[in-house]
Each structure stands twice: as C-alpha cells, then as structure tokens.
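# Structural overview
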Amino acid sequence: MTEVIEFQPGWELIVGLEVHCELATKTKMFCGCRNEFGHEPNTNVCPTCLGLPGSLPVVNGSAVEYAMRLGRALQCTVSPSVFARKNYFYPDMPKDYQVTQYDKPTNTAGKLELPDGSFVGITRAHLEEDTGKTSHQGGDGRIHGAESSLVDYNRAGVPLVEIVSEPDIRTADQAKAYVDELRKIVLALGVSDAKMEEGSMRVDANVSVRPVGEPEFRTRCEIKNINSIRSVGRAIEYEAKRHIALYDVGEKPTQETRHWDEEHGRTRAGRSKENSDDYRYFDEPDLVPLVPTADDIARIDAALPMLPASRRRRLAEITGAAAADVTLVVDRGHDDFVVSVVGVGADAKKTLTRVENDLPPDQPITLAPQSFAQLVIMETAGELTATQAKQVLAEMLENGGDPKAIAAAKGFEAMASGALEAVVDGIIAANPADWAEFVVADDKARKKLSGFFTGQVMKATQGQADGRAVAEVLARRAAR
Ligand code: ZN
Ligand code: MN
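Computed from a predicted structure; not experimentally measured.

## A closer look at helix H10 (residues 386–399)
Over its 14 residues, H10 runs 20 Å from end to end, which matches the ideal 20 Å to within 8%, given 1.5 Å per residue. Of all the residues in H10, the buried ones are Gln388, Ala389, Val392, Leu393 and Met396. Summarising the axial view, the buried residues of H10 lie within an arc of 135 degrees, below the 170-degree limit, and thus occupy one face. Across H10 from its buried face, at more than 90 degrees, point the exposed residues Glu398 and Asn399.

See the structure below:
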C-alpha cells in the first residue's frame, strides 16, 4: 500500500489529465489542407474539412505514424483501431460530429515516468481531428454578452492525439511534472511543437477529492481552458479547495465541465458534463480500420530516440547522482556531452558539476569532449585549482584551444608544482613561531594552523594555489 499524500488534512486529491496534442504533420487529418498556425482565417479549408455534403475523408498516414510513435514512447500497446463519430452540435465543427476513436483506440495501457521516479498510468492515446475556432466579438470575449461570433475553420481537421491518463495523480506538482514530461517526450519525438500558448498542446484536468481512506472516487469536474503548466497547478488547487469547501457545508459538487479563468484565478461552471451516451458514438462509415502490422510496430520502436527518462537514468548511473538531480543537464540537452567526456576518462562527478555550473545553459556545446575531459583530468589531478580550471574553461569557450596550452600560457602549470613549494617555503620562513607550533601540534590544532598557512599562501598567489596541494606540502615539510 502506497502512502497517502494529503492535500488538506483528511483529504486526498485525485487528478486525471487529458492532454490534446496537435500533430506537426504537413497536412490535416483527413484532407490535403495545410496544417499551419497563424494564417488568415478560413484560408486553409476545403470541402472535406468544411464538412460539405459528398466530401470524403482520406487518412493522413504521417498522423497515424506520429500517433503510434507517441504511443510506443508512452509504453502503450498499439492495436488495430477504428475511427468513430462523436456527435454534438457546435458552430466550430461544421459536420456536427468529430471524427475520433472510441472503443478501439490506437494506443492503450501505457505509462509515463516522472523525474522523481514515480509513474502515471496512460489509459489511452487516440487519434482525432481538431475543431475550428470561434471568437466572440463585443462584451468580454465570452459568448454571453457578445454582439456577434466569428468562426475560423483553419484548425478544423488538424490531427490530434488525445492522451488520457489514469486518475493516478495526487498533487498539483505531480500534475505539472506530468505535463512537463509529456511535453518533453513529444518534442523529443518531433511529433508536435507542443506550444501551450498557441494551443498546440491543451490540458484538461479531471479533479475530485475524497476523505483519506475512502476507497471510491467522488464526483469529478473537468477543467478546460488551461494554457500553461503553471495554470495546471493553480486550477487543480483551486478546484480541489472548492470541492472540500462544498463537502464541509454538507453540499456536493455537480459533475460538470468548468473553465479556468486565469485572470481571476478561479474556475467557472460551463456546460453540465455529458455522458458518452449523449454523443451517440458509432463507427465512422467512410473510413476503414487502421491495422498496423508487427513489422510496423517494430520499425517504429527501432526508430525511437532515447527518451528523457532513459537519458536521466543513464546520466544518473554514470555519475552516481540521483535521477532527479540530473534533470537540468538532460533538459538542456547536455547529457550526451557528459557521457562522451566521461568516456575519455574524466571524473564523472566533477564533469557533471562543471557542465551544469560552468557551461552556457541555453546553447549547444561546441567544445570537443576530449578538450573538456583534459581540463577535468588536470583539475582532478591537482594540476589546476577550481578557480584556475574555471579561467581556463572561460578561455576555451571564448577562443577555443587546448587546456594544457592555455594553463601554461596563464602560468598555472608551474604554480601547481615547483612554484607552489617555493611559495609555501617562503611563508614558513616568514612565520617561524607559527611553523614551530605547527610541527608539534596535534591533528586538531594543526588543522587550525593549516588554515592560517593556506590563507597566507592564497594571499601570496592571489588565490591561484590549490588548497589541497598546499596542505600536502605543509604536511611533507612538517614530517622532515
Ligand atoms: Zn481541408
Ligand atoms: Mn478529445
């Protein structure tokens, strides 16, 4: 039994997410119209996506391929699937039905791994077409109080994958992490540009609460209109608190669709939620089932890139760090570089630290792994101090070049060996009383005095000496 995470004392939060992801195909799902964002309204349309009588759909093979690729990345089973009509009336959908998949979706029963190592189950990831877009003129932009409404069908028929999670999510942060991870996967696969602000990735959250220990789920509300990862967290927390407040006064939430109002930080009631019966689903008579072969699936699997979770695991294994602590480097796409640098013999932990802290975070790395490894090796061997290593690296980033040559040009190399001993001897000679004390001191007292001598050496070398090397020289001199 897993531990219960309480949202508020005595209450558990239950969240399932539905994410709509527009596929980055050249053309729409069932016609040859361009699939591009930002064109003049109603310029990318044809009889099929306008739902004119007599027009017929033709399936976009790339969309099917992308959907299966995403399904396999989410560890789903890919099965033969059937398109269905979901009937409802809305002005942005000229056919009065949406072609989607119902009881036989392309992808089922997968899972998604979060950076903290937890998993969220994927119920299904099915293919469907997007609707057009209405905008309401006059008033505050909502349909109520508007003077007129305009509709743009450029988006009608754009291919979508709808990814439905199990109600496995227990905190707002986990919901945010899920959306973030899904976005990274989609981008790694190249199947969508996943821009929440442009609506190519849209999140609906099914939210309910229940008293801790109650086995059944209670009434859920579906929150739509969430267009940033931050809003995912805010909307879920608001909605859960609303439910608890209702239960606290002996009332209940009603099952309904609600809209997230970003400006006021609250949800508002929309239409009361239909049951699937209301949609009168039936198989789409104008399309044949999709039946991928075992070869198709094997080919897709073989072409999958290494996904973020595997990349985190690989980097954690190599460096001995926790998977959650290598997220930053993986998100920046710098993990391959770390792997190469470690591969030519550099210390893994030191390499991870230097890459994470000292390389420009927003740029691809242009340094040769061999040069970077050489730098790390020099630092690890005590030939360069941390400060010096950073200076050499800055020079390498600025003008390129070999770290050994740069260190020599800066006079760093000498400092690490003979020159350092000379400086230490000078300091010893200048402080005979402290040195006499150091020689006879016990470990504890010696530590303190060692700090004094190291400080003097640092002062004399403007911080260019390696503290560890100084301690070694001091110990050697004292042992004579
Ligand atoms: Zn069209
Ligand atoms: Mn949908």
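## Notes on helix H8 (residues 348–358)
Those residues of H8 that fall on the buried side of the exposure criterion are Ala348, Thr351, Leu352, Arg354 and Val355. Buried residues along H8 cover an arc of 170 degrees about the axis, so they all sit on one side. Every exposed residue of H8 that faces more than 90 degrees away from the buried side is listed here: Lys349 and Asn357. Where H8 is buried, its residues touch helix H5 (308–319), helix H6 (327–331), helix H7 (335–343), helix H9 (369–380) and H10. Between the side-chain oxygen at the start of H8 and the backbone nitrogen of Lys349 there is a gap of 3.5 Å, and the oxygen is on Asp347.

## So, the coordination of the manganese ion (ligand 2)
Within the first shell, the manganese ion (ligand 2) binds the protein through His20 (NE2), Glu128 (OE) and Glu162 (OE), at distances of 2.0 to 2.2 Å. Within one chain, the residues donating to the manganese ion (ligand 2) are spaced in sequence as H-x107-E-x33-E. With a gap of 142 residues between them, His20 in strand S2 (residues 11–22) and Glu162 in strand S10 (residues 159–165) connect regions that are remote in the sequence. Each member of the pair, His20 together with Glu162, is buried.

## Focus: the nonpolar core
Across soluble globular proteins, nonpolar side chains have a tendency to be buried as a group. Judged by nonpolar contacts, the single largest core of 61 residues is most densely connected at Leu17, Leu74, Leu127, Ile163, Tyr178 and Ile236. The dominant element in this core, judged by the number of residues it contributes, is helix H2 (residues 172–189), at 8 residues. Counting residues in each nonpolar core, the second largest holds 27 residues, with Val329, Val342, Leu352 and Leu384 among its members.

## A closer look at the environment of Leu307
The topology assignment puts Leu307 in the loop between helix H4 (294–303) and H5. Its relative accessible area of 14% is what places Leu307 among the buried residues. Beyond its immediate chain neighbours, meaning those up to four positions away, Leu307 contacts Ala73, Ile185, Ala188 and Leu189.

## A closer look at the coordination of the zinc ion (ligand 1)
For the zinc ion (ligand 1), the full set of protein donor atoms is Cys31 (SG), Cys33 (SG), Cys46 (SG) and Cys49 (SG), at a range of 2.3 to 2.4 Å. Donor residues binding the zinc ion (ligand 1) come from one chain and are separated in sequence as C-x1-C-x12-C-x2-C. Given a relative accessible area of 18%, Cys46 falls into the buried group. With a relative accessible area of 6%, Cys49 lands in the buried category.

## Things to note about the packing of aromatic side chains
Going through the model one piece at a time under the given rule, you end up with 11 aromatic pairs. Taking 5.9 Å as the distance between ring centres and 80 degrees as the angle between the ring planes, the aromatic pair formed by Phe438 and Phe453 counts as edge-to-face. Of the two residues, Phe438 is situated in helix H13 (residues 432–440) and Phe453 in helix H14 (residues 443–461); the sequence distance between them amounts to 15 residues. Judged by relative accessible area, which is 3%, Phe438 ranks as buried. The exposure class assigned to Phe453 is buried, which follows from its relative accessible area of 1%. Within the aromatic cluster, the residues linked to one another by ring pairs are Tyr88, Tyr102, Tyr279 and Tyr281. Above the ring of Tyr279, the side-chain terminus of Lys86 is found at 4.5 Å from the ring centroid.

## Remarks on the domain arrangement of the chain
Interface size is commonly expressed as the accessible surface area that is lost when the partners come together. Here the chain is partitioned into domain 1 (6–302), domain 2 (306–409) and domain 3 (417–478). On a C-alpha basis, the centroid separation for the pair domain 2 and domain 3 is 31 Å. Taken together, the contact pairs 7 residues of domain 2 with 5 residues of domain 3. Together domain 2 and domain 3 conceal approximately 410 Å² of surface at their shared face, both sides included; 34% is due to carbon and sulfur atoms. If you sort the residues of domain 2 by the area they bury against domain 3, Gly382, Thr385 and Gln388 come out on top, with a joint share of 68%.

## A closer look at the environment of Ile244
Residue position: Ile244 is located in helix H3 (residues 229–248). Separated by 45 residues in sequence, Ile244 and Gly199 place their C-alpha atoms 31 Å apart. If near-sequence neighbours (up to four positions away) are discounted, Ile244 is found in contact with Phe7, Gln8, Trp11 and Val209.

## Focus on the pattern of salt bridges
Counting across every chain of the model gives 34 salt bridges. Residues Glu129 and Lys95 are paired through a salt bridge, measuring 2.8 Å at the closest nitrogen-oxygen approach. With Glu129 in strand S7 (residues 119–129) and Lys95 in the loop between strand S4 (83–87) and strand S5 (97–101), this residue pair connects regions lying 34 residues apart in the sequence. Classification of Glu129 as buried rests on a relative accessible area of 6%. Of the charged contacts, one joins Asp173 and Lys176 as a salt bridge, the two residues approaching to 3.9 Å between their closest N and O atoms. Note that Asp173 and Lys176 are positioned in helix H2 at a spacing of 3 residues, about one turn of the helix. Overall, the relative accessible area of 28% leaves Lys176 in the partly exposed class.

Cut-offs used in this document
- Residues numbered from 1 in each chain as written.
- Chains lettered and ligands numbered in written order.
- Predicted model: local features only at pLDDT ≥ 70, side-chain atom pairs only at ≥ 80, totals over all residues.
- Heavy atoms only, no water.
- Helix = DSSP H or I, 4+ residues; strand = E, 2+ residues; numbered from the N terminus.
- Expected span 1.5 Å × (residues − 1).
- Buried < 20%, exposed > 50% of the residue type's maximum accessible area, 1.4 Å probe, protein only.
- Arc of directions from axis to C-beta.
- Contact = heavy atoms within 4.5 Å.
- Polar contact = N/O pair within 3.5 Å; in protein donor to acceptor, adjacent residues only side chain to side chain.
- Donors = N, O, S within 2.8 Å, 3.2 Å for Na, K, Ca; no water.
- Core = buried A, V, L, I, M, F, W, Y, C linked by side-chain atoms within 4.5 Å.
- Phe/Tyr/Trp six-rings, centres within 6.5 Å; stacked < 30°, edge-to-face > 60°.
- Lys NZ or Arg CZ within 6 Å of the ring centre and 35° of its normal.
- Domains from an automatic or database assignment.
- Buried area = accessible area lost by both parts, 1.4 Å probe.
- Salt bridge = Lys/Arg side-chain N within 4 Å of Asp/Glu carboxyl O.

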